[in-house]
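# Reading the structure
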Amino acid sequence: MNKQELINALESLGMRPGRGLGQNFLLDGNLLEWIVRNSGAACGDNVLEVGPGFGALTEKMVDAGFNVTAVEFDHRLAEYLRKRFHGVKNFKLVEADACKVDYDELFPAGTAYRSVANLPYAISSVFIAKIVESANQPVSMFFMLQKEMGERLAAGPGTKAYGALSVRTQLFYDVEIAKIVPPQVFCPPPEVDSALVAFVRNCRTAENIHPELFTPLVRNLFNQRRKQIGKVLGQAIGSKEKAARILADCGFAPELRPDKLSVDDFIKLADSVCANGCTTIRG
């Protein structure tokens, strides 16, 4: 689909790209093919696509033999996709809010799948947080994101971009920015640069994590990232004495700031919080 074909399609549906939905359509054929080649998916793989739009990337993936399950929120685009891919056996459409879909129901335990998408920028952080904490996580993910979001997800300890979403994502995935993408390849062009970001599943398993503690603990500490960890942890678990003991057990100085802790440090901290009888995080 070239720019004129996109304009014609938009006019036929009586719609304009929705800024609130983050609708920036990727049209560069060479880049679309590059995404398919570098996505980590192969012929016969199950692939989740969120925000397929008019199906430019979808078509490339279907042609490559991927079994594509596309989730589209906009009912006009969903109807367009039904017509465009009618009769295509390796295409399935789910018309729904991607941030509310039950992905463990869509891809039950034992079903391996990957996710490749030009993610609508308005939902990227919520969707990624949801998918990485699902029971049956994708084997890999390859997303077009705002460059700033990509930098956040790939950031390491001690950097400005490093935060709660960085930790929660890197808990299960090795994250790397694969390519910086200029606005000109989109229609309409966004006001910022974008990035293609690769997520490859690491060796950590959910069984080794305390999910009821890990996520709220990370969120709580980063909500007060400028404060010393000893004070924040004491407030979070309701005991300064236990906080001091937990930090001592972990070998962490109470003067540390949360953004100095690595993902493994946070795992260690959550383990110690649990071992000291703390079952809930305040705030």
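Residues numbered from 1 in each chain as written. Predicted model: local features only at pLDDT ≥ 70, side-chain atom pairs only at ≥ 80, totals over all residues. Heavy atoms only, no water.

When helices and strands are counted, the protein chain shows 12 helices and nine strands. For a compact globule of 283 residues, the expected C-alpha radius of gyration is about 19 Å, and the protein chain comes in at 21 Å, within 12% of that figure. Structurally, the protein chain occupies a C-alpha span of about 65 × 40 × 30 Å along its principal axes. When the 283 residues of the protein chain are sorted by exposure, 50% land in the buried category. Sequence-distant contacts in the protein chain: of pairs separated by 6 or more residues, those separated by 24 or more amount to 69%. Surface summary for the protein chain: the accessible area is close to 13,400 Å², and the carbon and sulfur share equals 49%. When the 33 positive and 32 negative side-chain charges of the protein chain are each reduced to one mean point, those points stand 6 Å apart. (Helix = DSSP H or I, 4+ residues; strand = E, 2+ residues; numbered from the N terminus. Rg over C-alpha atoms; globule rule 2.2 N^0.38 Å. Buried < 20%, exposed > 50% of the residue type's maximum accessible area, 1.4 Å probe, protein only. Contact = heavy atoms within 4.5 Å. Areas by Shrake-Rupley, 256 points an atom, 1.4 Å probe, with all protein chains shown as cover. Lys, Arg positive; Asp, Glu negative; His and termini not counted. Charge placed at Lys NZ, Arg CZ, Asp CG, Glu CD.)

This part covers the pattern of salt bridges. Under the defined criterion, the tally for this structure stands at nine salt bridges. For the salt bridge of R82 with E79, the shortest nitrogen-to-oxygen distance reads 3.2 Å. Within this pair, R82 and its partner E79 are both found in helix 4 (residues 75–84), separated by three residues, close to a single helical turn. With relative accessibility at 38%, the residue E79 sits in the partly exposed group. Across the salt bridge formed by D264 and R204, the nearest N and O atoms sit 2.5 Å from each other. Here R204 lies in the loop between strand 9 (194–201) and helix 9 (211–223) and D264 lies in helix 12 (residues 263–275), a separation of 60 residues in the sequence. Ionic contacts of the salt-bridge type, sharing partners, join the residues E79, R82 and E95 into one network. (Salt bridge = Lys/Arg side-chain N within 4 Å of Asp/Glu carboxyl O.)

Right, let's talk about the sheet that holds strand 2 (residues 46–50) for a bit. In spatial order, the strands read 4-3-2-5-6-9-7; together these seven strands make up an open sheet with mixed pairing. Lying at the two open borders of the sheet, with one neighbouring strand each, are strand 4 (91–95) and strand 7 (173–181). The average undirected angle you get between the axes of adjacent strands in this sheet is 20°. Bridging between strand 3 (residues 67–72) and strand 4 involves five bridges; their strand directions are parallel. For V68, the partnering residue across the bridge sits in strand 4 and is F91. Across the sheet, helix 4 touches strand 3 and strand 4, and the angle it forms with strand 4 is around 160°. (Pairing = 2+ DSSP bridges. Axes fitted to C-alpha atoms, helices over the stretch in contact; angles between N-to-C directions.)

This next bit is on the pairing of strand 6 (residues 140–146). Burial of strand 6 is extensive: six of the seven residues sit out of reach of the surface. Summarising the sheet, strand 5 (residues 114–118) and strand 6 pair through four bridges and their orientation is parallel. Pairing of A117 across the sheet is with F143, part of strand 6. Chirality of the crossover, the property in question, places the unit of strand 5, helix 6 (residues 124–132) and strand 6 among those that are right-handed. Inspection of the sheet shows strand 6 paired to strand 9 by seven bridges, in the antiparallel sense. Looking at strand 9, one finds that F143 is bridged to V197. (Right-handed = clockwise from strand over helix to strand, strands pointing away.)

Turning our eyes to something else, we now look at the nonpolar core. In terms of nonpolar packing, the biggest core is built from 62 residues, with L48, Y103, F127, F199 and L269 touching the most fellow members. Leaving out residues up to four positions away in the same chain, Y103 has contacts with L48, V50, A98, Y113, F127, K130 and I131. (Core = buried A, V, L, I, M, F, W, Y, C linked by side-chain atoms within 4.5 Å.)

So, on to the side chain of Q137. As for its placement among the helices and strands, Q137 is situated in the loop between helix 6 and strand 6. You can call Q137 buried: its relative accessible area is 10%. Side-chain polar atoms of Q137 contact the backbone oxygen of V132, separated by 2.4 Å. At 2.7 Å, the side chain of Q137 forms a polar contact with the side chain of R201. Not counting residues up to four positions away in its chain, the partners in contact with Q137 are Y113, I131, V132, F172, Y173 and R201. (Polar contact = N/O pair within 3.5 Å; in protein donor to acceptor, adjacent residues only side chain to side chain.)

Taken by themselves, the reported measurements are silent on function.
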